[in-house]
Amino acid sequence: MSVAQLVPLIILLPLIGALINGTVGKNLPKAVVGAIATGVMALSFGLALMVFSQLHEAVEIDLFTMLDTETFSLHARLLADNLSVWMTLIVTGVGTLIHLFSMGYMKHDAGYYKFFVYLNLFIFAMLILVLGSNYFMLFFGWEGVGICSYLLIGFWYGDFKNTVAARKAFIMNRVGDLGLLIGLFLLLFNFGTLEYSELSAAIIGSKVDLSTVLCGITLCLFIGATGKSAQIPLFTWLPDAMAGPTPVSALIHAATMV
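Residues numbered from 1 in each chain as written. Predicted model: local features only at pLDDT ≥ 70, side-chain atom pairs only at ≥ 80, totals over all residues. Heavy atoms only, no water.

A. Layout of the nonpolar core. If you look at the biggest cluster of nonpolar residues, it comprises 72 residues, and the most contacted ones within it are Val7, Phe115, Leu152, Ile153 and Trp237. Elements with a minimum of two residues in this core: helix H1 (3–24), helix H2 (30–54), strand S2 (73–80), helix H3 (82–105), helix H4 (112–131), helix H5 (135–153), helix H6 (160–191) and helix H10 (246–255). The element that contributes the greatest number of residues to this core is H4, accounting for 16 residues. (Core = buried A, V, L, I, M, F, W, Y, C linked by side-chain atoms within 4.5 Å. Buried < 20%, exposed > 50% of the residue type's maximum accessible area, 1.4 Å probe, protein only. Helix = DSSP H or I, 4+ residues; strand = E, 2+ residues; numbered from the N terminus.)

Right, dumping it as structure tokens:
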């Protein structure tokens, strides 16, 4: 299979695992639920290794067009290059190990199948974030991991402190997301596109001084990253995030977001 065929499968497998466990997982034995969730992750990691071995140059994969006007078009498009594939290996590789550990760690929990649904959805969103070819795809994955982190941090919602911790993480990340959104609107206003390759060409080929514009855009994007990776001043949600099960901390802090 070619890189263009493998990359969408890498993203789809965790989503398929989440859909299976989300629909019938409640009626399945816990061992089967865990095996499904961990199995799709292992397959995704295996496909990522295949892409890594085959990739010699950047490959763009068009999925579908979301918006197309005379002045602006928005595509659901994936980009496999050295950086995105390396990040994909980290997300799927470490994510597989976390899923495997969770099978034992969560075996006595009543919400076992829901936990693995959330884990698979988190990986699905993170893969969209790192493999998207434009800032809209990045933002879609960005918000996906935000929702899943809220669900996972507050997974043991019977304890009120855990629900407060989840809300705190969710709200503080929305502050960072506002900075990201402003940065995206500035990109659209100044360059008319959100595609990484087109932005690069527009900036390199520009005949005017863009230093002030680029500084403002970079600052806005950095504010978004500050919220997600818990940097000063948007860091106070991170200690409270330990309220979730231990595999959640591993997934959020070691494998993906932070």
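Here the narrative resumes.
B. Spotlight on unusual backbone geometry. A cis amide bond links Ile232 to the next residue, Pro233, at an omega of 5°. The topology assignment puts Pro233 in the loop between helix H8 (211–228) and helix H9 (237–240).

C. Region of the structure containing the environment of Ala250. By secondary structure assignment, the location of Ala250 is in helix H10. On a C-alpha basis, the gap between Ala250 and Phe122 in space is 12 Å, while along the polypeptide they are 128 residues apart.

D. Up close: the pairing of S2. Counting buried residues along S2, seven of its eight residues qualify, which places the element largely inside the surrounding structure. Connecting strand S1 (residues 59–68) to the antiparallel partner S2 that follows it, the hairpin turn spans four residues. (Pairing = 2+ DSSP bridges.)

E. Representation of the layout of surface pockets. Taken as a whole, the largest pocket spans an internal volume of roughly 520 Å³. Lining the largest pocket are 21 residues, with Leu83, Leu129, Val130, Leu138 and Trp142 positioned closest to its centre. For the lining of the largest pocket, the elements supplying multiple residues, two or more each, are H3, H4, H5 and H8. When residues of the lining of the largest pocket are assigned to their parent elements, the largest contribution, four residues, is made by H8. Tallied by class, residues from the lining of the largest pocket come to 15 nonpolar, four polar and two charged. (1 Å grid on protein atoms, 1.4 Å probe; cavity = no way out; pocket = protein on both sides within 12 Å on 5 of 7 lines; lining within 4 Å. Points joined across faces, edges and corners; volume = space filled by probe spheres on them. Nonpolar A, V, L, I, M, F, W, Y, C, P; charged D, E, K, R; others polar.)

By themselves these figures say nothing about function.
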